[in-house]
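# Report on the structure
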Amino acid sequence: MLIIRNLNKSYGGTRGRAVLRSVDFDLASGDYVAIVGESGIGKSTLLNLVAGLDLPDSGSVTLDGVELTQLDDDARTGLRRSRMGFVFQAFHLLPHLTVAQNVALPLALNEQSADREARVAEMLAAVRLADAASAYPRELSGGEMQRVAIARALVHQPQLVLADEPTGNLDPESAVQVLALLREAVKANAGAGILVTHSLLAAATADRVHRLTVNGLRLGD
Amino acid sequence: MLSGKPLLIYALSLGSLSHNLGRTALAALGVALGVALGVAVHLVNSAALSEFRHAVAALAGEADIVVRGPRAGFDEALYPRLARLPEVAAASPMLDIDVALAGRETTLRVLGIDIFRASQLQPALLAGLNESVLELLQADTVALSDAAARELGLGRGNRLKVQVGTRVLDLEVAAVLPPHAYRQRLAVMDIGWAQPLFARIGTLNRIDVRLKPGVDAERFRAKLAPLLPPGVHAVTPEIEAERGALWTRAYRTNLDMLAGVALFTGFFLVFATQFLALMRRRAQLALLRVLGMTRRTLAVHLVAEGAVLGAVGSAAGVALGWLVAALTLRHLGGDLGAGYFRGVEAQLVPSVSALAAYFLSGMAVAMLGAAVPAIEAARRAPALALRAGDEETALKHMRLVWPGFALAALGAVCAFAPPLNELPAFGYAAIALILAGAVLLAPRLVEFSLALVPVARAVAAALAVAQLRATARLVAVSAAAIVVSFSFTVAMAIMVGSFRTSFEEWLERILPADFYVRAARGGETGFFTPEEQARIAAIPGVARATFLRSQNVLLAPDRPPVVLLARDIDRATPARTLPLIGAPHALANGDPPPVWVSEVAADLYGLKPGQRLDIPLAGALRAFTVAGIWRDYARQTGALVIERGIYAGLTGDRLASDAALWLDKEATLEAAAHALRAQFASADLDIAAVHEVRESSLRIFDRTFAVTYVLEVVAILIGLFGVSVGFGAQALARRREFGVLRHLGMTRREIAAMLGIEGSVVSGLGVAFGLALGWGVSLILIHVVNRQSFHWSIDLSMPWLVLAALAIATMIASSATAMWSGRAAMGTDVVRAVKEDW
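## Topic: the overall build of chain B
Along its length, chain B carries 28 helices and 21 strands. Burial status across chain B gives 50% buried among its 838 residues. Summarising the internal contacts of chain B: among those between residues at least 6 apart in sequence, 84% fall at separations of at least 24.

Right, dumping it as structure tokens:
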């Protein structure tokens, strides 16, 4: 489903440097993999390239046969909107929207109006937050916010879920819950997932673990 | 490496200011514009006024007392009687006359003086002439001031063509005064020649008196008063100078106040900037509190930040104001449009105290603007402030409505207060209080209005509305910038529009004839004799001719003269001739003859219909009955209309200054004008069709109010700065949100559309409130400020087209500004913003 070939990316600025070198990676439907690596090694950059939020210096990123690097920004955005879901370390719920509105956002962006409320309710129930639909993010704990973010990432049934340090801001107990929930949700959705993390504990919840190094991405440790 | 205090200051202020240089610069620019406008208006006004006072002082010279009469003059027999009084050391008689110049649009002030007396009392008038002085004793010779010689392009030996009646006379320029002698346009000539030349035989209109040492000027003035004929008054040179300055005071004060409003909007801009900036920096500031910084230190640093912003803005404003004033004086002279100081050559008068006051005002408003949010930031519990999404909670006190209502109510009360020292001080206070009240009420109004906005189906619109509703109080801060600036613009537009409409209607009423003829283009020396009037009336094609004689009379020594108009008017139906306000007063048998007084005269001298008014005419006080009050926008020191027959009977003066002519149905203006010019071949007649007079009057009106248009543009610009600052700060604070939305699949265009919608809604609210507020403020401007300043009434007339254009332009500009301010949301950086802690 996702094929990455010979991906290279470097940044300019005062500390100009190559971040990704010759990265190759394949992901099939139903796969739920973890990518680990040192801080600053380029894990988030890799996610941004996969999501089409940034463009590589060279190499290709193909999602279901569509070469992302050949698309313009609007087309990449459209692809991201319909086929991807995101979970961030800092949750990033919109503070002025209720929990239900936050979850419904991808459906609205994809203009899916049929059964929208039912789907949102279903997702909130799945993340065990059915009673928090009308609450605002500031009224929730960190773990609850991240569960809302997971519901938002999966509500439109994306093919690919990208999770960037989803437990970085959570206590261990909440982290375990969220990781279990994320895996369960991705699998239930029949999509694929990439979990970027520092935590070996978190990585252990994935089907397989890849380590990103200065020389590229390689399987296992 | 920074450490200690510098690190603290950097962490608190400089770091933030320098990272947000654009917004900081905009806020400083807001203060700078307000201060610059104030400084420029003040400098130009004070330069013109100083020059005006200097000119008055130069004319008074070493006199202790100035005896002033009507412009038409008083019997010269007063001079020897006065000069022989034991307290008088020297007296200098004068005929001060505004002379029509043939073939030129301008007039020239000519002083007929007794050269030997003037050399004692007004040496400046003859300075540097030496032996040329004697040449002035010859017939038909004048000495020109340097300014007059330069403007007229004349030098020694050249001929100056003046018009007296309908005759053009040649005067020889015998000398040009050195530049330092008298700085304004002026000519001096021997009074013995001036009197017959200008048809003023046996009359003077001014005597300057120097008293013997030890004589008290006030006591002498009191002793002199009963010896003076009616309408002639003795005043000190200081009062003479002040009287001249008095009639410009209201205009000058109004301009200062308008500049003050600009400063207020600048203040509001700083307030909005600081407020939003501190909202954005709440978590950072809270962290500093967590690290051990006291509330006091935090608040002091943040207010100091406002002071730095104010100091930079004020310094730039003073410099800019100085530059604008210097350019204005160089290219436009000391007149700001109303014509009070037209032709006055003025130079900048540096006043350190005034400039310091403006500088400090700018700093004060900036500090005040910073103080409110600084105190709030210092008060907030750090633990709460560290949480995201707490901003609206921090603004909860903005929900209070009673302070806003209280200020607005106090403003409404002030609007009904009488003038203070003849200035509408309470009127201005009312406007300031109502504006402040409206600003305080803005959050609740915004909140209420946003609840009424329907939620759209489109994601961008739905998100925009959700965002606005959730941050209603922050939105109110941005909207208030538009409310303040737009209401000011609307108020000015309604006031000027109403005035213009009233002025146009007044012109229609006051100019009923087909065309008008003046013996000269200006000045006091053009007139038609009775025989010439008969010739004019007999011009082929002229169906009807009426004549008017214009004079000045002094009703009070400390006020400028009032214009006396003697004209053909039917006392039974005066409303046919004059635009009367209210019903005319019917005269009873035995009542003195009627006088119709202008609104200005009625206000200044407390005149009411039915009241008796003594007018000094031909050396005697003549009783009249106030038969009505009429609207007059032409004469700002007041005007009186009496029947021409009565005037001629009392004074023997049968001359006419102007003629109003109606044409036969088949006659043409061109033919009549041609016949007139043929009749008065030597004269430089001013012949104008009624539409030309109206157009020329409206041109003068527009020139007078040009300065207000500039102020309106400045206000709108400041308002747009406010929008930009508000949205810029919001956009920066929302970068993570934009980043998330980009991750979720919103295109840049959709985010731009969302910002555009937010901008449109906010500016729409600002414009709607601004319209309502501006309308209220315009009522105070029209019925309180204008009435108390200039004493004439104006009918409210809404310039809907102008208002609609202003509203649309402001909304488009605001939306564009909002989108431009949020352009950061379109960049790739927002993608990385999701990784930022703050």
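## A short note on the overall build of chain A
Of regular secondary structure, chain A possesses seven helices and 10 strands. Computed over its C-alpha atoms, the radius of gyration of chain A comes to 17 Å, within 12% of the 17 Å expected for a compact globule of 221 residues. Seen along its three principal axes, the alpha-carbon backbone of chain A occupies a region of about 45 × 35 × 35 Å. Residues classed as buried in chain A amount to 49% of the 221 residues present.

## Here's the deal with unusual backbone geometry
Phi at Ser-22 of chain A takes a positive value of approximately 50°, unusual for a residue other than glycine. For Ser-22 of chain A, the location among the structural elements is in strand S2 (residues 17-27). Its identity is not glycine, yet Ala-199 of chain B carries a phi of approximately 60°, on the positive side. Residue placement: Ala-199 of chain B occurs in the loop between helix H7 (191-197) and strand S9 (203-204).

## What to know about the interface of chain A and chain B
Interfaces are frequently sized by the accessible area removed from exposure as the parts join. Contacts between chain A and chain B engage 25 residues on the former and 23 residues on the latter. Only helix H1 (43-51), helix H2 (73-83) and helix H3 (99-109) of chain A provide two or more residues apiece to the side of chain A that touches chain B. Broken down by class, the residue content of the side of chain A that touches chain B amounts to 12 nonpolar, seven polar and six charged.

## Focus on the domain arrangement of chain B
Residues and elements named next belong to chain B. Along its sequence, chain B is organised into domain 1 (1-60 + 246-394), domain 2 (65-235), domain 3 (455-512 + 691-838) and domain 4 (520-684). Taken together, the 28 residues of domain 2 in the interface contact 25 residues of domain 4. Looking at the side of domain 2 that touches domain 4, the elements with two or more residues in it are strand S2 (74-75), strand S3 (88-101), strand S6 (159-164), strand S7 (167-176) and strand S11 (233-235). The greatest single-element share of the side of domain 2 that touches domain 4, amounting to four residues, is contributed by S3. Residues of the side of domain 2 that touches domain 4, tallied by class, amount to 14 nonpolar, eight polar and six charged.

## Let's talk about the pairing of strand S10 (residues 206-211) of chain B
Residues and elements named next belong to chain B. Burial analysis of S10 places five of its six residues in the buried class, the great majority of the element. Strand direction decides the pairing type here: strand S1 (residues 65-68) and S10, joined by four bridges, are antiparallel. Looking across to S10, one finds that Arg-68 is bridged to Arg-206. Pairing of S3 with S10 involves six bridges; the strand directions are antiparallel. In the sheet register, Ser-92 faces S10, and the bridge partner there is Asp-208.

What counts and how
Residues numbered from 1 in each chain as written. Chains lettered and ligands numbered in written order. Predicted model: local features only at pLDDT ≥ 70, side-chain atom pairs only at ≥ 80, totals over all residues. Helix = DSSP H or I, 4+ residues; strand = E, 2+ residues; numbered from the N terminus. Buried ≥ 20, exposed ≤ 12 C-beta atoms within 10 Å, placed from the backbone. Contact = placed C-beta atoms within 7 Å. Rg over C-alpha atoms; globule rule 2.2 N^0.38 Å. Nonpolar A, V, L, I, M, F, W, Y, C, P; charged D, E, K, R; others polar. Domains from an automatic or database assignment. Pairing = 2+ DSSP bridges.

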